[in-house]
Amino acid sequence: MSKTITRRSFLKGMALTAALVTAGCAPQRDTQNGPVSPKEVDKWCKGVCRYCGTGCGVYAGVKNGKIVAVKGDPDNPVNRGRLCIKGMTLPKILEAPDRVTKPLIKENGKFREASWDEALDLMTSKFKEAIEQYGPDSVGFYGSGQTFAEETYTVQKIFRAGIGTNNIDGNPRTCMASAVAGMIATYGEDEPSGTYEDIEDCDNFFMIGSNMAEAHPVLFARLVAHKRKNPNMKIVVADVRETKSMEIADYKILFKPSMDLTLLNSMAYVILQDGLQDDHFIENHVNFMQGKEKIDLEKYKAFLAPYAPELAAEKCGVPAETIRELTHVLYGKDVKTMSVWCMGFNQRISGVFVNNLIHNLHLLTGKICKPGSTPFSLTGQPSACGSVRETGGLSHILPAHRFVAKEKDRNELAEIWGIDPSRMPSKPGYHTIAMFEAACTGKLKCLWVMTTNPGQSLPNADHYREGMEKTFLVVSEAYHPTRTSELADIVLPSAMWMEKEGIFGNGERRTQHLEAAATPPGEAKPDFWQILEFAKRMGFEDLAPFKTPEDAWKEYQKCQKGTAMMLASYDHLKKAHGVLWPVKGENEEETRIRYARPWDTNVKEDAVDGIEFYGKPDGRAVIWARPQVFPKEMPDAEYPICITTGRMLEHWHTGTMTFNVPELKRIAPEMVVDMNAEDAARLGIQDGDLVNIISRRATCKMKAAINGRSKPQPGVVYVSFHDPNMDRMINRVMLDSFDPGSKQPDYKASAVRIEKA
Ligand SMILES: Nc1nc2c(c(=O)[nH]1)N[C@H]1C(S)=C(S)[C@@H](COP(=O)(O)OP(=O)(O)OC[C@H]3O[C@@H](n4cnc5c(=O)[nH]c(N)nc54)[C@H](O)[C@@H]3O)O[C@H]1N2
Ligand SMILES: Nc1nc2c(c(=O)[nH]1)N[C@H]1C(S)=C(S)[C@@H](COP(=O)(O)OP(=O)(O)OC[C@H]3O[C@@H](n4cnc5c(=O)[nH]c(N)nc54)[C@H](O)[C@@H]3O)O[C@H]1N2
Ligand code: SF4
Ligand SMILES: [Mo]
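Residues numbered from 1 in each chain as written. Chains lettered and ligands numbered in written order. Predicted model: local features only at pLDDT ≥ 70, side-chain atom pairs only at ≥ 80, totals over all residues. Heavy atoms only, no water.

I'd like to hear about the overall build of the protein, residue by residue, with values.
Within the protein, the regular secondary structure consists of 25 helices and 36 strands. The C-alpha atoms of the protein give 25 Å as radius of gyration, which agrees with the globular expectation for 757 residues (27 Å, within 12%). Counting only C-alpha atoms and orienting by the principal axes, one finds that the protein spans roughly 70 × 65 × 55 Å. Split into buried and exposed, the 757 residues of the protein put 66% on the buried side. Sequence-distant contacts, at least 24 apart, represent 73% of the contacts inside the protein between residues at least 6 apart. For the protein, the accessible area works out to roughly 25900 Å², and carbon and sulfur atoms hold 51% of it. Taking the 95 positively charged and 97 negatively charged side chains of the protein as two groups, their mean positions are separated by 3 Å. (Helix = DSSP H or I, 4+ residues; strand = E, 2+ residues; numbered from the N terminus. Rg over C-alpha atoms; globule rule 2.2 N^0.38 Å. Buried < 20%, exposed > 50% of the residue type's maximum accessible area, 1.4 Å probe, protein only. Contact = heavy atoms within 4.5 Å. Areas by Shrake-Rupley, 256 points an atom, 1.4 Å probe, with all protein chains shown as cover. Lys, Arg positive; Asp, Glu negative; His and termini not counted. Charge placed at Lys NZ, Arg CZ, Asp CG, Glu CD.)

Laid out in structure tokens, this is it:
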């Protein structure tokens, strides 16, 4: 379906953005002293919003050791003072009544308060016991893209070089693993070549598998502002449901769930059939691959033949003439195009393949390495890049984009860390699903979970929750109870956001420093402190000789030397409003575009066109021939509907923080299931009726919304996963299939039946 924008719908889109994003200050209510105005604070401390991967700069207003106000940082290029509604209400997450303020130990099924010494002694004795009896791979750590870089860097070092296991994984596996694997397959290096500035530099914009209006609202505001200045620019939004992001689209494309591989291959077909490709770029900067085999352009064309628009149209649900038109609009000659995607691509059984396919379109047309022309993978969490992908926070990667599987990489690290290379475990660790499955089967004896809530966020949740009960579970949390902390044996109370100092790295390679501005409640302690205490008690103090996060950062910087991923120094980061890596020279100058001179000095001086994809041995990026893959669970007679899940503007993931903010809770007090009006009518369901969502795994019960926040196509329903209520906790329903390459779960396609409750 293609639709051209009317003036009225664009204005509606503008009004929407105004509601989503506000500039300026947000005074917060000081619970003791009544409202404070931003002028009355003792000081403003520089930091970053703790929610999404956009990475908006903030100033936190502090009064009597508490954060009582927040304002957007006007000098931060990401947001120039703007914040969305979640950013505006940040201080309220700190003062919540369910903050956990003392360590808790579970005894006979009940939690009791304990001292830090008692909790940490118990924790480390259990870890030591398991390691002694069952070996180092019987313990694990499950972390997050919401930790600080110093935290994950330190903990992964202790687990690998100390305990001797690669059982370090985290929620970016559920989020960014397919984007990482996609980029490594295509460029040999992780993380995007472009930056957010490409939004302002592009002529046309393609959003697919992303709902920026709700998930990256400040970036969406930048896009709307650009469109306002350039009314002729074309915005294409493709999704399996009508989303808020479509309200500003010139082309709204509704395609069949999981059939975007067919759509993108069809667009590649049109590029080559209509001669839109950049022959010089292809000749100099690209290889073609199919499986393990290097192929040529002719063979790639033959691979694409079954995806001709006339053959693809019916399969993906987009008319052939629309596929042709879109391809010309987005990838025609002499237009600068930015394409963005997020979980609609990554959270799929074919996540890596579909990532490759969008890079293909840019590589075929040479729309990369130039301002305004870039494929751009949006990152979800505030520091999935900075704190996990860069520090080595997944079971198969090591700090500074190194790999566990490469002996050279392990040896390099051993040398930097001053340890014998034999201490670096070479056996790959558990990826997320394997880790929680090992808890279910009893192989994983002890698990430390930090800054993530897998008891709610893992698919097939009932199953993995059983595993969490079985294993000795330690949970570092800011709140209690959560759907994970309730299953814990020990809960460690954590300082959060700007109650501690540290570094985040956002989705555009921007490294940013957060000042410690407020005092944590009760005995809550920074996660970094907890990690150092753990190291000390486990006998690995020598591996973490750090007093401050800055000490850890300095050592981490040594790991970056000589790699393509040089980050800025602490001193520089404290002053700057974020710095784009790789930094170069004495002034630590940032890099706007990777793989291209003059920006990226990792590129050889004599590289053709000043472009080199240096992650690959021959400096060439790869165009991959990747076929359509179908989800593991397709709708059938018994479960005829495809359920897809995701997020809404006002809430964050498992809701621990945002349900604590009255303004946000009021707007969306509970999650509902968005349904298509035709489906609802057929099933005798009216707006607001309670319905059962039944899958092969579990049944959830919630209200139906018809013409609600989003309008799914017939045969599709949508639920946000924020609600912790067991009836509405949608991950109980979802299938735990995952991409065989990236091991990222498919949260975007399970089969269900809907019945009026
Ligand atoms: N308000 C808010 N913002 C957030 C977050 C939050 O919890 N709340 N979380 C942050 C995090 S960690 C992340 S990862 C990002 C996620 O940001 P997004 O990926 O933008 O958000 P989602 O809603 O998960 O999914 C995006 C879209 O994928 C679509 N989709 C479903 N099936 C398919 C399919 O087969 N193909 C394609 N192409 N698309 C499909 C969905 O309909 C949905 O609109 O948001 C970040 N920002
Ligand atoms: N159905 C479905 N499920 C999904 C997804 C989906 O699209 N659909 N998306 C997946 C994705 S992309 C992601 S990123 C995950 C996110 O899933 P999770 O990471 O499990 O969700 P969060 O609510 O972000 O969990 C963060 C936890 O850390 C706590 N916390 C906050 N600050 C701190 C701190 O400083 N220290 C400590 N120790 N704790 C802190 C919060 O209270 C919260 O409980 O969900 C995944 N699950
Ligand atoms: S757009 Fe993201 S980073 Fe910016 S204020 Fe909103 S939630 Fe925070
Ligand atoms: Mo995410």
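Requested: an account of the site of ligand 2, with residues and values cited.
Around ligand 2 sit 33 residues in total, of which Asn171, Asn453, Ser457, Glu477 and Thr654 are the nearest. Within the side chain of Arg647, one N or O atom sits 3.1 Å away from a nitrogen atom of ligand 2. Separating an oxygen atom of ligand 2 from a side-chain N or O atom of Thr656 is a distance of 2.8 Å. Here ligand 2 loses 99% of its free accessible area of 910 Å² to cover by the protein chains. (Near = heavy atom within 4 Å. Polar contact = N/O pair within 3.5 Å; in protein donor to acceptor, adjacent residues only side chain to side chain.)

Can you explain the environment of Ile93? Please cite residues and give values.
Of note, Ile93 is situated in the loop between helix 2 (85–88) and strand 9 (104–107). As a C-alpha pair, Ile93 and Gln512 span 419 residues in sequence and 21 Å in three-dimensional space.

Tell me about the pairing of strand 25 (residues 490–493), and name the residues and values.
Burial along strand 25 is two-sided: Ile490 and Leu492 facing one way and Val491 and Pro493 facing the other are all buried. Where strand 9 lies against strand 25, two bridges are found, and the strand directions are antiparallel. Residue pairing for strand 25: Ile105 is matched across the bridge by Ile490. (Pairing = 2+ DSSP bridges.)

Explain the site of ligand 1 residue by residue, including any values.
In the neighbourhood of ligand 1, 34 residues make up the surrounding shell, with Asp239, Asp260, Met343, Arg647 and His651 lying closest. A distance of 3.5 Å separates a nitrogen atom of ligand 1 from a polar atom in the backbone of Gly209. Take Asn211: an N or O atom from its main chain is 2.8 Å from an oxygen atom of ligand 1. Burial of ligand 1 by the protein amounts to 99% of the accessible area it has alone, namely 910 Å².

With reference to specific residues and values, describe the sheet that holds strand 35 (residues 716–720).
Read around the closed barrel, six strands run 30-35-31-33-32-36, paired in mixed fashion. The mean angle between the axes of side-by-side strands here comes to 45°, regardless of whether they run parallel or antiparallel. The pairing of strand 30 (residues 641–646) with strand 36 (residues 750–756) spans three bridges and is antiparallel. Residue Ile641 lies in a different strand from strand 36, and its bridge partner there is Val752. (Axes fitted to C-alpha atoms, helices over the stretch in contact; angles between N-to-C directions.)

Give me the lowdown on helix 22 (residues 549–560), citing residues and values where you can.
The end-to-end C-alpha separation of helix 22 is 17 Å, in line with the 16 Å expected for 12 residues at 1.5 Å each. Judged by how many residues are buried, helix 22 sits mostly within the fold: nine of 12 residues are covered. Considered for burial, the residues of helix 22 that qualify are Pro549, Glu550, Ala552, Trp553, Glu555, Tyr556, Gln557, Cys559 and Gln560. Gly562 occupies a position one or two residues after helix 22 and carries a positive phi of about 80°. (Expected span 1.5 Å × (residues − 1).)

So, the pattern of salt bridges: which residues are in play, and what are the values?
One pass over the full model with this rule turns up 47 salt bridges. The partner of Arg594 in a salt bridge is Glu189, and the shortest N-O contact between them spans 2.7 Å. Pair noted here: Arg594 is in the loop between strand 28 (579–580) and strand 29 (621–624) and Glu189 is in the loop between helix 5 (177–187) and helix 6 (198–201), with a separation of 405 residues, a long-range link. Salt-bridge contacts for Arg592 lead to Asp201; the nearest nitrogen and oxygen are separated by 2.9 Å. (Salt bridge = Lys/Arg side-chain N within 4 Å of Asp/Glu carboxyl O.)

Can you break down the packing of helix 4 (residues 149–163) against helix 21 (residues 527–538) residue by residue, with the values?
Helix 21 packs onto helix 4 with a crossing angle of 15° between their chain directions and a minimal axis gap of 9 Å. Classified by the angle between their axes, helix 4 and helix 21 sit roughly parallel to one another. Here the hand of the crossing between helix 4 and helix 21 comes out left-handed. Facing helix 4, whose interface residues are Glu150, Glu151, Thr154, Val155, Ile158, Phe159 and Ile163, helix 21 presents Asp527, Phe528, Ile531, Leu532, Phe534, Ala535 and Met538. (Parallel < 35°, antiparallel > 145°, perpendicular 65-115°, else oblique. Left-handed = near helix turned anticlockwise from the far one by under 90°.)

I'd like a rundown of the packing of aromatic side chains, residues and numbers included.
By the definition in use, this model includes 24 aromatic pairs. For the ring pair Tyr187 and Phe613, a centre distance of 5.6 Å and an interplane angle of 35° mean the geometry is tilted. Remark: Phe613 occurs in the loop between strand 28 and strand 29 and Tyr187 occurs in helix 5; sequence separation between them is 426 residues. When its relative accessible area of 0% is taken as the criterion, Phe613 is described as buried. For the ring pair Phe303 and Tyr307, a centre distance of 5.8 Å and an interplane angle of 40° mean the geometry is tilted. On the accessibility criterion, Tyr307 (10% relative accessible area) is buried. Above the face of the Trp44 ring, Lys71 is positioned so that its terminal group lies 4.2 Å from the ring centre. Between Lys525 and the ring centre of Trp529, over which it is positioned, the NZ or CZ distance is 4.9 Å. (Phe/Tyr/Trp six-rings, centres within 6.5 Å; stacked < 30°, edge-to-face > 60°. Lys NZ or Arg CZ within 6 Å of the ring centre and 35° of its normal.)

Let's hear about the environment of Arg753: which residues, and what values?
Structurally, the position occupied by Arg753 is in strand 36. Distance in space between the C-alpha atoms of Arg753 and Thr699 is 9.5 Å, their sequence separation being 54 residues. Not counting residues up to four positions away in its chain, the partners in contact with Arg753 are Glu638, Tyr639, Pro640, Asn692, Ile693 and Ile694. Here the side chain of Arg753 touches Glu638 through a polar contact of 3.4 Å, landing on its backbone oxygen. A polar contact is formed between the side chain of Arg753 and the side chain of Glu755, at a distance of 3.1 Å.

Give a description of the packing of helix 5 against helix 15 (residues 351–364) that names residues and reports values.
Viewed as axis vectors pointing N to C, helix 5 and helix 15 meet at an angle of 45°, and their least axial separation amounts to 8 Å. The angle between helix 5 and helix 15 places the two elements in the oblique class. For the pair helix 5 and helix 15, the crossing hand works out as right-handed. Side by side, helix 5 and helix 15 meet where Ser178, Ala179, Ala181, Gly182, Met183, Ala185, Thr186 and Tyr187 of the first sit next to Gly351, Val352, Asn355, Asn356, His359 and Leu363 of the second. Split into classes, the residues belonging to the contact of helix 5 with helix 15 amount to seven nonpolar, seven polar and no charged. (Nonpolar A, V, L, I, M, F, W, Y, C, P; charged D, E, K, R; others polar.)

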